Amino acid sequence: MASSNVQAPKGTVDMLPATARVWEHLQRVAQKMFSLYGYEPVYTPIFEHTDVFVRGIGEATDIVGKEMYTFLDKGNPPRSLTLRPEGTASIVRAALEHGLTANGQGAKLYYAGPMFRYERPQAGRQRQFWQIGVEALGMAEASADAEVIALLVRFFEATGIPHDRMRLLINSMGDDVCRPDYRAKIAAYIHAHASVLCEECGRRAETNPLRAFDCKNPGCHSVMASAPLLRDELCDECATHYGAVKAYLDHLGIAYEEDPSLVRGLDYYTRTVFEVQASGLGAQNAIGGGGRYDRLMEQYGGAPTPGLGWAVGFERILLALKAAGIEVPVRPVAEVFVARAVPEVAGDAFLITDSLRRAGVAAEIDHQARSLKSQFKSADRLGARFVVVVGPDEIATGQVTVRDMTAGTESRVEIRDLDTTIIDRLRG
RNA sequence: GUGGGUGUAGCUCAGUUGGUUAGAGCGUCGGACUGUGGCUCCGAAGGUCGCGGGUUCGAGCCCCGUUACCCACCCCA
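Residues numbered from 1 in each chain as written. Chains lettered and ligands numbered in written order. Predicted model: local features only at pLDDT ≥ 70, side-chain atom pairs only at ≥ 80, totals over all residues. Heavy atoms only, no water.

Engineer: What am I meant to see in the overall build of chain A here?
Structural biologist: When you go through chain A residue by residue, the secondary structure sums to 15 helices and 16 strands. In terms of overall size, chain A is more extended than a compact globule, its C-alpha atoms giving a radius of gyration of 28 Å where 428 residues would be expected to give roughly 22 Å. In terms of principal-axis extent, the alpha carbons of chain A reach across some 95 × 55 × 45 Å. Residues counted as buried form 49% of the 428 residues belonging to chain A. If you take every contact in chain A between residues at least 6 apart in sequence, the share linking residues at least 24 apart comes to 68%. As presented, chain A carries roughly 21,400 Å² of accessible surface, and 52% of it is formed by carbon and sulfur atoms. (Helix = DSSP H or I, 4+ residues; strand = E, 2+ residues; numbered from the N terminus. Rg over C-alpha atoms; globule rule 2.2 N^0.38 Å. Buried < 20%, exposed > 50% of the residue type's maximum accessible area, 1.4 Å probe, protein only. Contact = heavy atoms within 4.5 Å. Areas by Shrake-Rupley, 256 points an atom, 1.4 Å probe, with all protein chains shown as cover.)

Below you can see the structure in the form of C-alpha coordinates.
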(Lines give C-alpha, C1' and ligand atoms only; values in the text may rest on other atoms or scores of the structure.)
Protein backbone atom coordinates (compact mmCIF):
# COMPACT_ATOMS: atom_id res chain seq x y z
CA MET A 1 0.00 0.00 0.00
CA ALA A 2 1.40 3.35 -0.99
CA SER A 3 2.22 5.77 1.78
CA SER A 4 1.18 8.65 -0.43
CA ASN A 5 -2.31 10.11 -0.37
CA VAL A 6 -2.35 10.90 -4.07
CA GLN A 7 -3.21 8.18 -6.53
CA ALA A 8 -4.21 7.60 -10.12
CA PRO A 9 -7.92 8.22 -10.85
CA LYS A 10 -10.32 5.30 -10.60
CA GLY A 11 -10.15 3.06 -13.61
CA THR A 12 -6.69 4.20 -14.67
CA VAL A 13 -3.35 2.54 -14.13
CA ASP A 14 0.29 3.51 -14.23
CA MET A 15 2.22 1.43 -16.70
CA LEU A 16 5.51 0.78 -14.97
CA PRO A 17 8.58 -0.37 -16.92
CA ALA A 18 7.76 -4.08 -16.75
CA THR A 19 4.39 -3.45 -18.44
CA ALA A 20 5.44 -0.56 -20.63
CA ARG A 21 8.18 -2.66 -22.23
CA VAL A 22 5.65 -5.31 -23.20
CA TRP A 23 3.47 -2.50 -24.53
CA GLU A 24 6.22 -1.29 -26.82
CA HIS A 25 6.88 -4.82 -27.95
CA LEU A 26 3.23 -5.25 -28.92
CA GLN A 27 3.26 -1.96 -30.77
CA ARG A 28 6.29 -3.06 -32.76
CA VAL A 29 4.55 -6.33 -33.62
CA ALA A 30 1.47 -4.40 -34.72
CA GLN A 31 3.40 -1.90 -36.81
CA LYS A 32 5.23 -4.67 -38.59
CA MET A 33 2.00 -6.52 -39.40
CA PHE A 34 0.25 -3.37 -40.54
CA SER A 35 3.04 -2.43 -42.89
CA LEU A 36 2.89 -5.92 -44.43
CA TYR A 37 -0.76 -5.32 -45.21
CA GLY A 38 -0.25 -1.79 -46.53
CA TYR A 39 -1.67 0.26 -43.66
CA GLU A 40 -0.32 3.71 -42.81
CA PRO A 41 -0.37 5.45 -39.44
CA VAL A 42 -2.76 8.24 -38.53
CA TYR A 43 -2.84 10.21 -35.30
CA THR A 44 -6.05 12.09 -34.56
CA PRO A 45 -6.85 14.27 -31.53
CA ILE A 46 -7.67 12.54 -28.27
CA PHE A 47 -10.77 14.73 -27.97
CA GLU A 48 -13.31 15.65 -30.64
CA HIS A 49 -16.44 17.72 -30.92
CA THR A 50 -19.00 15.67 -29.03
CA ASP A 51 -21.17 15.54 -32.11
CA VAL A 52 -18.58 13.42 -33.95
CA PHE A 53 -19.28 10.55 -31.58
CA VAL A 54 -23.01 11.17 -31.17
CA ARG A 55 -23.57 11.06 -34.92
CA GLY A 56 -21.15 8.24 -35.63
CA ILE A 57 -21.68 5.84 -32.76
CA GLY A 58 -25.39 6.52 -32.28
CA GLU A 59 -27.49 8.28 -29.69
CA ALA A 60 -29.11 5.10 -28.37
CA THR A 61 -25.84 3.31 -27.60
CA ASP A 62 -24.48 2.90 -24.08
CA ILE A 63 -21.24 4.55 -25.11
CA VAL A 64 -22.93 7.79 -26.09
CA GLY A 65 -25.72 7.55 -23.55
CA LYS A 66 -23.73 7.06 -20.39
CA GLU A 67 -20.04 6.41 -20.92
CA MET A 68 -18.54 9.52 -22.50
CA TYR A 69 -16.20 11.95 -20.81
CA THR A 70 -17.78 15.16 -22.10
CA PHE A 71 -16.78 18.67 -21.05
CA LEU A 72 -17.08 22.31 -22.11
CA ASP A 73 -13.97 24.22 -23.09
CA LYS A 74 -13.23 27.90 -22.46
CA GLY A 75 -14.51 29.15 -25.83
CA ASN A 76 -17.13 31.85 -26.17
CA PRO A 77 -19.58 30.28 -26.53
CA PRO A 78 -18.08 27.12 -24.95
CA ARG A 79 -17.75 24.06 -27.16
CA SER A 80 -18.84 20.61 -26.10
CA LEU A 81 -15.87 18.27 -26.43
CA THR A 82 -15.50 14.58 -25.63
CA LEU A 83 -12.52 12.34 -24.86
CA ARG A 84 -12.59 9.72 -27.59
CA PRO A 85 -14.35 6.51 -26.48
CA GLU A 86 -13.19 4.65 -29.62
CA GLY A 87 -11.14 5.27 -32.73
CA THR A 88 -13.25 4.76 -35.81
CA ALA A 89 -15.35 7.93 -35.62
CA SER A 90 -12.24 10.12 -35.47
CA ILE A 91 -10.50 8.35 -38.33
CA VAL A 92 -13.54 8.61 -40.57
CA ARG A 93 -14.01 12.27 -39.63
CA ALA A 94 -10.36 12.99 -40.45
CA ALA A 95 -10.50 11.06 -43.73
CA LEU A 96 -13.54 13.07 -44.78
CA GLU A 97 -12.10 16.40 -43.60
CA HIS A 98 -8.91 15.90 -45.61
CA GLY A 99 -10.43 14.20 -48.64
CA LEU A 100 -8.52 10.95 -48.23
CA THR A 101 -11.29 9.07 -50.02
CA ALA A 102 -12.17 11.76 -52.57
CA ASN A 103 -13.02 10.55 -56.06
CA GLY A 104 -13.28 6.96 -54.96
CA GLN A 105 -9.74 6.61 -53.63
CA GLY A 106 -9.15 3.93 -51.06
CA ALA A 107 -7.28 4.48 -47.81
CA LYS A 108 -5.82 1.96 -45.38
CA LEU A 109 -5.09 3.53 -42.03
CA TYR A 110 -4.15 2.45 -38.53
CA TYR A 111 -4.12 4.17 -35.17
CA ALA A 112 -3.06 3.45 -31.61
CA GLY A 113 -3.63 5.19 -28.33
CA PRO A 114 -5.74 5.58 -25.22
CA MET A 115 -9.55 5.61 -25.27
CA PHE A 116 -11.84 6.75 -22.48
CA ARG A 117 -15.14 5.39 -21.26
CA TYR A 118 -16.84 6.06 -17.94
CA GLU A 119 -17.58 2.49 -16.88
CA ARG A 120 -17.32 0.53 -13.67
CA PRO A 121 -13.85 -1.03 -13.75
CA GLN A 122 -13.45 -4.79 -13.64
CA ALA A 123 -11.15 -7.45 -15.05
CA GLY A 124 -10.15 -6.34 -18.56
CA ARG A 125 -12.04 -3.07 -18.31
CA GLN A 126 -10.64 0.32 -17.38
CA ARG A 127 -11.79 3.89 -17.85
CA GLN A 128 -8.67 4.69 -19.81
CA PHE A 129 -7.59 1.83 -22.01
CA TRP A 130 -5.44 1.31 -25.07
CA GLN A 131 -6.71 0.34 -28.46
CA ILE A 132 -4.92 -0.22 -31.69
CA GLY A 133 -7.01 -0.49 -34.81
CA VAL A 134 -7.19 -0.40 -38.58
CA GLU A 135 -9.69 1.15 -40.99
CA ALA A 136 -10.00 0.32 -44.70
CA LEU A 137 -11.97 3.03 -46.46
CA GLY A 138 -13.49 3.03 -49.94
CA MET A 139 -13.43 -0.74 -50.40
CA ALA A 140 -16.71 -2.52 -50.99
CA GLU A 141 -15.47 -5.92 -52.12
CA ALA A 142 -15.79 -8.98 -49.90
CA SER A 143 -12.06 -9.57 -50.32
CA ALA A 144 -11.49 -6.43 -48.25
CA ASP A 145 -13.54 -7.95 -45.41
CA ALA A 146 -11.45 -11.11 -45.61
CA GLU A 147 -8.20 -9.16 -45.67
CA VAL A 148 -9.16 -7.11 -42.64
CA ILE A 149 -10.21 -10.22 -40.72
CA ALA A 150 -7.05 -12.03 -41.79
CA LEU A 151 -4.94 -9.14 -40.52
CA LEU A 152 -6.70 -9.31 -37.16
CA VAL A 153 -6.11 -13.03 -36.79
CA ARG A 154 -2.51 -12.85 -37.98
CA PHE A 155 -1.77 -9.95 -35.66
CA PHE A 156 -2.96 -12.01 -32.70
CA GLU A 157 -0.85 -14.94 -33.91
CA ALA A 158 2.18 -12.65 -34.07
CA THR A 159 1.69 -11.55 -30.48
CA GLY A 160 2.06 -15.18 -29.45
CA ILE A 161 -1.49 -16.01 -28.36
CA PRO A 162 -1.92 -19.73 -29.12
CA HIS A 163 -4.55 -20.78 -31.66
CA ASP A 164 -6.40 -22.99 -29.25
CA ARG A 165 -6.98 -20.09 -26.91
CA MET A 166 -8.73 -17.87 -29.47
CA ARG A 167 -11.86 -18.10 -31.52
CA LEU A 168 -13.12 -15.94 -34.34
CA LEU A 169 -16.84 -15.27 -34.50
CA ILE A 170 -18.48 -13.74 -37.57
CA ASN A 171 -21.95 -12.63 -38.55
CA SER A 172 -23.75 -10.36 -40.99
CA MET A 173 -25.97 -7.56 -39.75
CA GLY A 174 -27.52 -6.75 -43.12
CA ASP A 175 -27.85 -3.28 -44.58
CA ASP A 176 -30.41 -0.50 -45.15
CA VAL A 177 -32.39 -2.80 -47.38
CA CYS A 178 -32.90 -5.79 -45.11
CA ARG A 179 -32.10 -4.71 -41.57
CA PRO A 180 -35.07 -2.36 -40.98
CA ASP A 181 -37.50 -5.12 -41.98
CA TYR A 182 -35.71 -7.59 -39.78
CA ARG A 183 -35.53 -5.16 -36.90
CA ALA A 184 -39.29 -4.63 -37.10
CA LYS A 185 -39.77 -8.37 -37.19
CA ILE A 186 -37.74 -8.87 -34.03
CA ALA A 187 -39.51 -6.00 -32.28
CA ALA A 188 -42.80 -7.71 -33.09
CA TYR A 189 -41.41 -11.02 -31.86
CA ILE A 190 -40.41 -9.43 -28.58
CA HIS A 191 -43.84 -7.85 -28.15
CA ALA A 192 -45.47 -11.20 -28.82
CA HIS A 193 -43.36 -12.84 -26.10
CA ALA A 194 -43.22 -9.84 -23.75
CA SER A 195 -44.86 -11.74 -20.90
CA VAL A 196 -41.97 -14.20 -20.62
CA LEU A 197 -39.09 -11.86 -21.42
CA CYS A 198 -37.29 -9.64 -18.91
CA GLU A 199 -38.10 -5.94 -18.54
CA GLU A 200 -34.83 -4.95 -20.13
CA CYS A 201 -35.66 -6.90 -23.27
CA GLY A 202 -39.07 -5.25 -23.36
CA ARG A 203 -37.33 -1.89 -23.54
CA ARG A 204 -34.95 -3.22 -26.15
CA ALA A 205 -37.87 -3.70 -28.53
CA GLU A 206 -37.99 0.08 -28.85
CA THR A 207 -34.31 1.00 -28.59
CA ASN A 208 -32.24 -1.83 -30.04
CA PRO A 209 -34.21 -5.06 -30.51
CA LEU A 210 -31.21 -7.05 -31.80
CA ARG A 211 -29.59 -6.77 -28.38
CA ALA A 212 -32.20 -9.13 -26.98
CA PHE A 213 -30.19 -11.92 -28.61
CA ASP A 214 -27.30 -11.59 -26.21
CA CYS A 215 -29.38 -11.05 -23.09
CA LYS A 216 -27.78 -13.11 -20.28
CA ASN A 217 -31.15 -13.96 -18.75
CA PRO A 218 -31.62 -17.72 -19.39
CA GLY A 219 -35.37 -17.31 -20.00
CA CYS A 220 -34.80 -14.63 -22.62
CA HIS A 221 -32.02 -16.67 -24.13
CA SER A 222 -34.23 -19.68 -24.78
CA VAL A 223 -37.09 -17.56 -26.13
CA MET A 224 -34.74 -15.68 -28.46
CA ALA A 225 -33.25 -18.95 -29.64
CA SER A 226 -36.46 -19.52 -31.57
CA ALA A 227 -36.60 -16.01 -33.01
CA PRO A 228 -36.03 -15.52 -36.72
CA LEU A 229 -32.36 -15.07 -37.59
CA LEU A 230 -31.07 -12.20 -39.68
CA ARG A 231 -28.91 -14.70 -41.53
CA ASP A 232 -32.09 -16.11 -43.05
CA GLU A 233 -33.59 -12.70 -43.77
CA LEU A 234 -30.68 -11.02 -45.55
CA CYS A 235 -31.41 -9.35 -48.86
CA ASP A 236 -29.81 -10.95 -51.91
CA GLU A 237 -26.88 -8.56 -52.04
CA CYS A 238 -26.05 -8.94 -48.35
CA ALA A 239 -26.36 -12.72 -48.57
CA THR A 240 -24.05 -12.79 -51.57
CA HIS A 241 -21.52 -10.55 -49.86
CA TYR A 242 -21.57 -12.62 -46.66
CA GLY A 243 -21.15 -15.82 -48.66
CA ALA A 244 -18.19 -14.34 -50.51
CA VAL A 245 -16.50 -13.26 -47.28
CA LYS A 246 -16.79 -16.77 -45.90
CA ALA A 247 -15.47 -18.24 -49.15
CA TYR A 248 -12.40 -15.99 -48.99
CA LEU A 249 -11.78 -16.93 -45.36
CA ASP A 250 -12.08 -20.61 -46.26
CA HIS A 251 -9.66 -20.03 -49.10
CA LEU A 252 -7.14 -18.47 -46.70
CA GLY A 253 -7.61 -21.29 -44.23
CA ILE A 254 -8.85 -19.00 -41.48
CA ALA A 255 -11.08 -20.82 -39.04
CA TYR A 256 -14.25 -19.05 -37.91
CA GLU A 257 -17.54 -19.75 -36.21
CA GLU A 258 -20.77 -18.23 -37.42
CA ASP A 259 -22.61 -16.64 -34.52
CA PRO A 260 -26.05 -15.31 -35.44
CA SER A 261 -26.28 -13.58 -32.08
CA LEU A 262 -23.10 -11.58 -32.57
CA VAL A 263 -24.31 -8.00 -32.49
CA ARG A 264 -21.99 -5.04 -32.35
CA GLY A 265 -23.04 -2.34 -29.92
CA LEU A 266 -22.31 0.59 -32.16
CA ASP A 267 -24.96 1.79 -34.60
CA TYR A 268 -22.65 2.29 -37.52
CA TYR A 269 -22.05 -1.36 -38.36
CA THR A 270 -23.52 -2.94 -41.51
CA ARG A 271 -23.10 -6.34 -43.05
CA THR A 272 -19.96 -8.15 -41.83
CA VAL A 273 -19.22 -8.05 -38.10
CA PHE A 274 -16.68 -10.13 -36.23
CA GLU A 275 -15.06 -10.60 -32.87
CA VAL A 276 -12.13 -12.56 -31.49
CA GLN A 277 -12.52 -14.02 -28.02
CA ALA A 278 -9.72 -15.37 -25.86
CA SER A 279 -9.96 -17.89 -23.06
CA GLY A 280 -8.95 -17.22 -19.48
CA LEU A 281 -9.97 -13.57 -19.33
CA GLY A 282 -13.11 -13.62 -17.20
CA ALA A 283 -16.23 -11.80 -18.30
CA GLN A 284 -14.53 -9.40 -20.71
CA ASN A 285 -13.22 -11.95 -23.17
CA ALA A 286 -13.35 -10.02 -26.46
CA ILE A 287 -9.78 -9.10 -27.36
CA GLY A 288 -10.67 -7.60 -30.72
CA GLY A 289 -13.68 -6.83 -32.81
CA GLY A 290 -15.00 -4.79 -35.68
CA GLY A 291 -16.98 -4.82 -38.85
CA ARG A 292 -18.17 -3.02 -41.94
CA TYR A 293 -19.72 0.45 -41.77
CA ASP A 294 -20.82 1.40 -45.27
CA ARG A 295 -23.08 4.28 -44.20
CA LEU A 296 -20.84 6.02 -41.70
CA MET A 297 -19.25 8.48 -44.12
CA GLU A 298 -22.71 9.68 -45.09
CA GLN A 299 -23.57 10.28 -41.45
CA TYR A 300 -20.95 13.00 -41.54
CA GLY A 301 -22.27 14.49 -44.78
CA GLY A 302 -19.70 12.86 -47.07
CA ALA A 303 -20.22 10.96 -50.29
CA PRO A 304 -21.31 7.34 -49.82
CA THR A 305 -18.06 5.52 -49.05
CA PRO A 306 -17.79 1.97 -47.80
CA GLY A 307 -15.52 1.22 -44.89
CA LEU A 308 -14.57 -1.42 -42.41
CA GLY A 309 -12.10 -1.97 -39.60
CA TRP A 310 -11.40 -3.34 -36.19
CA ALA A 311 -9.94 -2.44 -32.85
CA VAL A 312 -8.11 -4.54 -30.30
CA GLY A 313 -7.66 -3.88 -26.61
CA PHE A 314 -4.03 -3.94 -25.49
CA GLU A 315 -4.80 -4.63 -21.85
CA ARG A 316 -6.77 -7.69 -22.86
CA ILE A 317 -4.01 -9.00 -25.11
CA LEU A 318 -1.74 -8.84 -22.08
CA LEU A 319 -4.30 -10.74 -20.02
CA ALA A 320 -4.63 -13.36 -22.75
CA LEU A 321 -0.86 -13.80 -22.98
CA LYS A 322 -0.63 -14.09 -19.22
CA ALA A 323 -3.49 -16.61 -19.08
CA ALA A 324 -1.73 -18.68 -21.75
CA GLY A 325 1.55 -18.52 -19.84
CA ILE A 326 3.33 -16.76 -22.72
CA GLU A 327 6.40 -14.73 -21.77
CA VAL A 328 6.97 -11.71 -23.95
CA PRO A 329 10.63 -11.48 -24.95
CA VAL A 330 12.31 -8.62 -23.13
CA ARG A 331 15.62 -7.16 -24.20
CA PRO A 332 18.26 -6.54 -21.53
CA VAL A 333 18.34 -3.01 -20.19
CA ALA A 334 22.08 -2.80 -20.66
CA GLU A 335 24.46 -4.75 -22.89
CA VAL A 336 27.54 -3.50 -21.12
CA PHE A 337 28.07 -2.24 -17.58
CA VAL A 338 31.05 -0.01 -16.93
CA ALA A 339 32.18 -0.51 -13.34
CA ARG A 340 34.75 1.66 -11.64
CA ALA A 341 36.93 0.26 -8.88
CA VAL A 342 37.64 3.53 -7.07
CA PRO A 343 35.97 6.96 -7.13
CA GLU A 344 39.09 8.61 -8.59
CA VAL A 345 38.56 7.06 -12.03
CA ALA A 346 34.86 8.05 -12.28
CA GLY A 347 35.68 10.52 -15.06
CA ASP A 348 37.51 7.91 -17.15
CA ALA A 349 34.70 5.39 -16.66
CA PHE A 350 32.12 7.96 -17.66
CA LEU A 351 34.05 8.78 -20.82
CA ILE A 352 34.31 5.09 -21.74
CA THR A 353 30.58 4.66 -21.18
CA ASP A 354 29.76 7.64 -23.36
CA SER A 355 32.02 6.33 -26.13
CA LEU A 356 30.25 2.95 -26.07
CA ARG A 357 26.88 4.64 -26.22
CA ARG A 358 27.89 6.78 -29.17
CA ALA A 359 29.03 3.60 -30.88
CA GLY A 360 25.52 2.20 -30.50
CA VAL A 361 26.01 -0.05 -27.49
CA ALA A 362 23.55 0.06 -24.57
CA ALA A 363 25.98 0.87 -21.78
CA GLU A 364 25.19 1.56 -18.14
CA ILE A 365 27.19 3.09 -15.32
CA ASP A 366 26.60 3.58 -11.60
CA HIS A 367 25.66 7.03 -10.34
CA GLN A 368 25.19 6.10 -6.70
CA ALA A 369 28.83 5.67 -5.65
CA ARG A 370 28.30 2.02 -4.88
CA SER A 371 30.89 -0.65 -4.20
CA LEU A 372 32.38 -2.62 -7.05
CA LYS A 373 30.52 -5.68 -5.81
CA SER A 374 27.24 -3.79 -5.99
CA GLN A 375 28.06 -2.60 -9.46
CA PHE A 376 28.50 -6.21 -10.54
CA LYS A 377 25.18 -7.09 -8.98
CA SER A 378 23.54 -4.28 -10.92
CA ALA A 379 25.19 -5.47 -14.12
CA ASP A 380 23.81 -8.94 -13.52
CA ARG A 381 20.34 -7.66 -12.78
CA LEU A 382 20.27 -5.46 -15.88
CA GLY A 383 21.23 -8.43 -18.04
CA ALA A 384 24.56 -6.98 -19.18
CA ARG A 385 26.64 -9.40 -21.23
CA PHE A 386 29.92 -7.64 -20.39
CA VAL A 387 31.29 -5.69 -17.49
CA VAL A 388 34.15 -3.29 -18.22
CA VAL A 389 36.21 -2.72 -15.08
CA VAL A 390 38.01 0.61 -14.82
CA GLY A 391 40.56 1.15 -12.04
CA PRO A 392 43.92 2.79 -11.42
CA ASP A 393 45.70 -0.19 -12.95
CA GLU A 394 43.65 0.00 -16.14
CA ILE A 395 44.18 3.72 -16.51
CA ALA A 396 47.92 3.31 -15.99
CA THR A 397 48.27 0.60 -18.64
CA GLY A 398 45.59 1.89 -21.02
CA GLN A 399 43.93 -1.53 -20.96
CA VAL A 400 40.56 -2.13 -19.30
CA THR A 401 39.38 -5.44 -17.90
CA VAL A 402 36.44 -6.92 -19.80
CA ARG A 403 34.48 -9.65 -18.06
CA ASP A 404 32.17 -11.89 -20.06
CA MET A 405 29.32 -12.42 -17.61
CA THR A 406 27.97 -15.47 -19.38
CA ALA A 407 31.28 -17.30 -19.79
CA GLY A 408 32.82 -15.99 -16.58
CA THR A 409 36.07 -15.16 -18.36
CA GLU A 410 38.10 -11.95 -18.36
CA SER A 411 40.52 -10.31 -20.75
CA ARG A 412 42.35 -7.03 -21.13
CA VAL A 413 41.44 -4.71 -23.99
CA GLU A 414 43.14 -1.51 -25.15
CA ILE A 415 40.79 1.37 -24.35
CA ARG A 416 41.05 2.71 -27.88
CA ASP A 417 39.87 -0.67 -29.25
CA LEU A 418 37.13 -1.18 -26.69
CA ASP A 419 34.13 -0.02 -28.74
CA THR A 420 34.88 -2.18 -31.74
CA THR A 421 35.89 -5.17 -29.60
CA ILE A 422 32.65 -5.01 -27.65
CA ILE A 423 30.58 -4.64 -30.80
CA ASP A 424 32.33 -7.63 -32.39
CA ARG A 425 31.72 -9.80 -29.37
CA LEU A 426 28.11 -8.67 -28.93
CA ARG A 427 26.96 -8.95 -32.52
CA GLY A 428 29.40 -11.51 -33.80
C1' G B 1 -25.90 2.67 -11.68
C1' U B 2 -26.71 -2.44 -8.65
C1' G B 3 -24.52 -6.55 -5.99
C1' G B 4 -20.44 -9.50 -3.47
C1' G B 5 -15.30 -9.67 -1.72
C1' U B 6 -10.78 -7.39 0.05
C1' G B 7 -7.51 -3.23 2.28
C1' U B 8 -1.22 -5.10 7.49
C1' A B 9 6.57 -3.40 4.86
C1' G B 10 8.41 -1.75 -2.18
C1' C B 11 5.78 -6.94 -3.62
C1' U B 12 3.00 -11.60 -1.93
C1' C B 13 0.84 -12.57 2.60
C1' A B 14 0.58 -14.50 8.19
C1' G B 15 -1.32 -12.27 12.69
C1' U B 16 -4.81 -17.23 18.10
C1' U B 17 -11.40 -16.23 22.03
C1' G B 18 -9.49 -8.29 21.62
C1' G B 19 -3.77 -8.37 25.74
C1' U B 20 2.71 -5.44 26.32
C1' U B 21 7.99 -3.71 21.72
C1' A B 22 3.01 -6.13 14.63
C1' G B 23 5.84 -10.95 11.82
C1' A B 24 7.56 -14.16 7.47
C1' G B 25 9.13 -14.90 2.39
C1' C B 26 10.70 -12.15 -1.83
C1' G B 27 13.02 -7.57 -3.07
C1' U B 28 16.50 -3.50 -1.51
C1' C B 29 21.15 -2.07 1.05
C1' G B 30 25.65 -3.71 3.67
C1' G B 31 29.03 -7.65 5.15
C1' A B 32 31.43 -12.71 4.97
C1' C B 33 35.17 -12.35 -0.11
C1' U B 34 39.61 -4.86 1.99
C1' G B 35 39.01 -4.77 -7.32
C1' U B 36 34.29 -9.08 -9.29
C1' G B 37 27.68 -10.99 -10.35
C1' G B 38 24.49 -15.54 -10.07
C1' C B 39 24.56 -19.96 -4.95
C1' U B 40 25.02 -19.86 0.49
C1' C B 41 25.28 -17.57 5.30
C1' C B 42 25.02 -13.11 8.59
C1' G B 43 23.13 -8.27 9.42
C1' A B 44 20.37 -3.67 8.46
C1' A B 45 16.85 -0.35 6.67
C1' G B 46 11.75 -0.26 5.68
C1' G B 47 4.91 -0.09 8.79
C1' U B 48 -0.13 6.68 9.94
C1' C B 49 -2.25 -1.96 10.31
C1' G B 50 -6.80 2.48 3.93
C1' C B 51 -9.29 6.81 6.56
C1' G B 52 -12.82 8.71 10.47
C1' G B 53 -15.75 7.73 14.58
C1' G B 54 -17.57 4.17 18.38
C1' U B 55 -17.37 -0.01 22.16
C1' U B 56 -13.50 -1.42 25.84
C1' C B 57 -8.96 -0.91 31.22
C1' G B 58 -6.95 -2.23 26.36
C1' A B 59 -8.60 -2.62 19.07
C1' G B 60 -4.60 -4.90 13.35
C1' C B 61 -8.80 -8.07 15.39
C1' C B 62 -15.54 -6.14 17.43
C1' C B 63 -19.48 -2.17 15.64
C1' C B 64 -20.88 2.12 12.37
C1' G B 65 -19.53 5.28 8.49
C1' U B 66 -16.37 6.39 4.48
C1' U B 67 -12.85 5.60 0.63
C1' A B 68 -9.90 2.68 -2.67
C1' C B 69 -9.07 -1.73 -5.15
C1' C B 70 -10.87 -6.54 -7.00
C1' C B 71 -14.84 -9.54 -9.12
C1' A B 72 -19.71 -9.93 -11.26
C1' C B 73 -24.23 -7.61 -13.54
C1' C B 74 -24.48 -4.17 -17.55
C1' C B 75 -21.57 -2.97 -21.79
C1' C B 76 -17.55 -3.48 -24.88
C1' A B 77 -11.76 -3.91 -27.30
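Engineer: Help me understand the environment of aspartate 417, please; the structure alone is not making it clear to me.
Structural biologist: Within the fold, aspartate 417 resides in the loop between strand S16 (409-414) and helix H15 (418-427). A relative accessible area of 34% means that aspartate 417 is categorised as partly exposed. Each C-alpha atom of the pair aspartate 417 and glutamine 399 lies 9.3 Å from the other, and the pair is 18 residues apart in sequence.

Engineer: Please explain helix H13 (residues 372-382) as it appears in this structure.
Structural biologist: Listing the buried residues of H13 in full gives Gln375, Phe376, Ser378 and Ala379. The buried residues of H13 all sit within an arc of 160° when viewed along its axis, so they share a single face. Structural note: H13 exposes Lys373, Lys377, Asp380 and Arg381 on the side pointing more than 90 degrees away from its buried face. At its buried positions, H13 is contacted by strand S12 (336-340), strand S14 (386-390) and strand S15 (399-404). Just downstream of H13, glycine 383 is the residue with a positive phi angle, here 85°. (Arc of directions from axis to C-beta.)

Engineer: I'm lost on the environment of tyrosine 189 in this one. Help?
Structural biologist: Here tyrosine 189 is to be found in helix H6 (residues 179-192). In the structure, tyrosine 189 is positioned 20 residues away from proline 209 in sequence and 9.4 Å away in space, judged by C-alpha atoms. Discounting residues that sit within four places of it in the chain, tyrosine 189 has contacts with Val223, Met224, Ser226, Ala227 and Pro228.

Engineer: Teacher, can you tell me more about the sheet that holds strand S3 (residues 70-72) here?
Structural biologist: By definition, the strands of a sheet pair up through backbone hydrogen bonds, in either a parallel or an antiparallel sense. The strand order S2-S4-S3 describes an open sheet built from three strands, whose pairing is antiparallel. Edge positions in the open sheet fall to strand S2 (47-49) and S3, since each of these has one partner strand only. The mean angle between the axes of side-by-side strands here comes to 35°, regardless of whether they run parallel or antiparallel. (Pairing = 2+ DSSP bridges. Axes fitted to C-alpha atoms, helices over the stretch in contact; angles between N-to-C directions.)

Engineer: How should I be thinking about the environment of leucine 418 in this particular structure?
Structural biologist: Along the polypeptide, leucine 418 turns up in helix H15. Overall, leucine 418 belongs to the buried group, its relative accessible area being 1%. Here the alpha-carbon distance between leucine 418 and valine 388, two residues 30 residues apart in the chain, equals 9.2 Å.

Engineer: Sorry, what's going on with the nonpolar core here?
Structural biologist: Where a protein is soluble and globular, its nonpolar side chains tend to be buried together. If you look at the biggest cluster of nonpolar residues, it comprises 99 residues, and the most contacted ones within it are Phe34, Tyr39, Phe156, Ile287, Trp310 and Ile317. Counting residues per element, this core draws most heavily on helix H5 (residues 142-159), which supplies 11 residues. For tyrosine 39, the residues in contact, after removing those within four places along its chain, are Phe34, Lys108, Leu109, Tyr110, Val134, Glu135, Ala136, Glu147, Val148 and Leu151. Listed in part, the 17 residues of the second largest apolar core include Val338, Ala363, Phe386 and Val413. (Core = buried A, V, L, I, M, F, W, Y, C linked by side-chain atoms within 4.5 Å.)

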